[in-house]
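A look at the structure
One-letter residues, chain by chain:
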Amino acid sequence: MADKSLGAWAMVALQGLLFLLVVVAALVPTIGPSVGESLPLSIVLILVGAAGMLWSGRDLGDSLTPLPVPNGKGLAAKGIYKYARHPMYTAILLICLGVAVGAGKIQVYVVVLALVVFFEVKTRSEERYLVNVYDGYAEYASQTGKFLPGVGKRRA
């Protein structure tokens, strides 16, 4: 169990590092070509992402944990989780994308892409636990999109 816990916390640390890299990449001088920046679009993406995080957190309730290992407080499959299995990750990605759009720097987009890959890996690990801990998760996952409604349904 200690190995699982250590690995879970390592994922949390890596996630935090990637969030930090988004900020650092936005603040350092541009590396390579820059892309058009848009403050209005940036603000919209960040606000929609922040609202999504709050909504996700509310709907998770006691099940909320930073770890990819369920805490046994119950399966969240209602509210926003009726539409996507990992809406909090989607919301975080929207915030980070908003930072990239606001900065207009290619290196921020690269870090956001790394974060997308990270969340794909983290959710695969997380879902292995969820299938084992919660009866009905496999069926829920086969009917519900991963990050967006209808997209990335899990195969039974």
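Here goes a summary of the coordinates provided.

Conventions we followed
- Residues numbered from 1 in each chain as written.
- Predicted model: local features only at pLDDT ≥ 70, side-chain atom pairs only at ≥ 80, totals over all residues.
- Heavy atoms only, no water.
- Helix = DSSP H or I, 4+ residues; strand = E, 2+ residues; numbered from the N terminus.
- Rg over C-alpha atoms; globule rule 2.2 N^0.38 Å.
- Buried < 20%, exposed > 50% of the residue type's maximum accessible area, 1.4 Å probe, protein only.
- Contact = heavy atoms within 4.5 Å.
- Areas by Shrake-Rupley, 256 points an atom, 1.4 Å probe, with all protein chains shown as cover.
- Lys, Arg positive; Asp, Glu negative; His and termini not counted.
- Charge placed at Lys NZ, Arg CZ, Asp CG, Glu CD.
- Axes fitted to C-alpha atoms, helices over the stretch in contact; angles between N-to-C directions.
- Parallel < 35°, antiparallel > 145°, perpendicular 65-115°, else oblique.
- Left-handed = near helix turned anticlockwise from the far one by under 90°.
- Nonpolar A, V, L, I, M, F, W, Y, C, P; charged D, E, K, R; others polar.
- Expected span 1.5 Å × (residues − 1).
- Arc of directions from axis to C-beta.
- Polar contact = N/O pair within 3.5 Å; in protein donor to acceptor, adjacent residues only side chain to side chain.
- Core = buried A, V, L, I, M, F, W, Y, C linked by side-chain atoms within 4.5 Å.

The next point concerns the overall build of the protein chain. Within the protein chain one finds five helices and zero strands. In the protein chain, the succession of α and β elements from N to C terminus is α-α-α-α-α. Its C-alpha atoms give the protein chain a radius of gyration of 16 Å, near enough to 15 Å, the size a compact globule of 156 residues would have. Its C-alpha atoms give the protein chain principal-axis dimensions of roughly 50 × 35 × 25 Å. Taken across its 156 residues, the protein chain has 38% of its residues classed as buried. Considering only residue pairs separated by 6 or more positions, the protein chain has 76% of its internal contacts joining residues 24 or more positions apart. Total accessible area on the protein chain is roughly 8,900 Å²; 69% of this is exposed by carbon and sulfur atoms. Distance from the positive charge centre (14 side chains) to the negative charge centre (9 side chains) of the protein chain: 3 Å.

Looking now at the packing of helix α2 (residues 39–60) against helix α3 (residues 87–103). Axis separation between α2 and α3 bottoms out at 7 Å; the angle between their running directions is 165 degrees. If you check the angle between α2 and α3, you find them roughly antiparallel. As α2 packs across α3, the resulting crossing turns out to be left-handed. Where α2 approaches α3, its residues Leu41, Ser42, Leu45, Ile46, Val48, Gly49, Ala50, Gly52, Met53, Ser56, Gly57 and Leu60 are matched on the opposing element by Pro87, Met88, Ala91, Ile92, Leu94, Ile95, Leu97, Gly98, Val99, Val101 and Gly102. Across the contact of α2 with α3, the residue classes tally to 16 nonpolar, seven polar and no charged.

On to the side chain of Thr90, then. Of note, Thr90 is situated in helix α3. Leave out the neighbours within four places in its chain, and Thr90 touches Phe147 and Leu148.

For α2, spanning 22 residues, the distance from its first C-alpha to its last is 31 Å, which sits close to the expected 32 Å at 1.5 Å a residue. Among all positions of α2, only Ser42, Leu45, Gly49, Gly52, Ser56, Gly57 and Leu60 are buried. What you see down the axis of α2 is that its buried residues fit within an arc of 130 degrees, all on one side. Those residues of α2 that are exposed and aimed more than 90 degrees away from the buried face are Leu39, Pro40, Leu47, Leu54 and Arg58. Buried residues along α2 sit in contact with α3. Between the side-chain oxygen of the N-cap and the backbone nitrogen of Leu41 there are 3.2 Å, and the N-cap of α2 in question is Ser38. Trailing α2 by a residue or two, Gly61 shows a phi angle of about 55 degrees, which is positive.

Another aspect to go through is the nonpolar core. In this structure, Tyr81, Val108, Leu115 and Phe119 are the most contacted members of the largest nonpolar core, which totals 28 residues. Where this core is concerned, the elements lending two or more residues are α1 (2–27), α3, α4 (106–133) and α5 (137–143). Those residues in contact with Tyr81 that lie beyond four places of it in its chain are Ser56, Asp59, Leu60, Ala76, Pro87, Met88, Tyr140 and Thr144.

Once that is clear, we can look at α3. Each turn of an α-helix holds 3.6 residues, which means side chains three or four residues apart point in the same direction. If you check α3, its first and last C-alpha atoms are 24 Å apart, about what 17 residues at 1.5 Å a residue would give, namely 24 Å. In terms of burial, α3 is a largely internal element, twelve of the 17 residues being buried. Residues Pro87, Met88, Tyr89, Thr90, Ala91, Ile92, Leu93, Cys96, Gly98, Ala100, Val101 and Ala103 constitute the buried set of α3. Looking at the residues trailing α3, positive phi occurs at Gly104, about 65 degrees.

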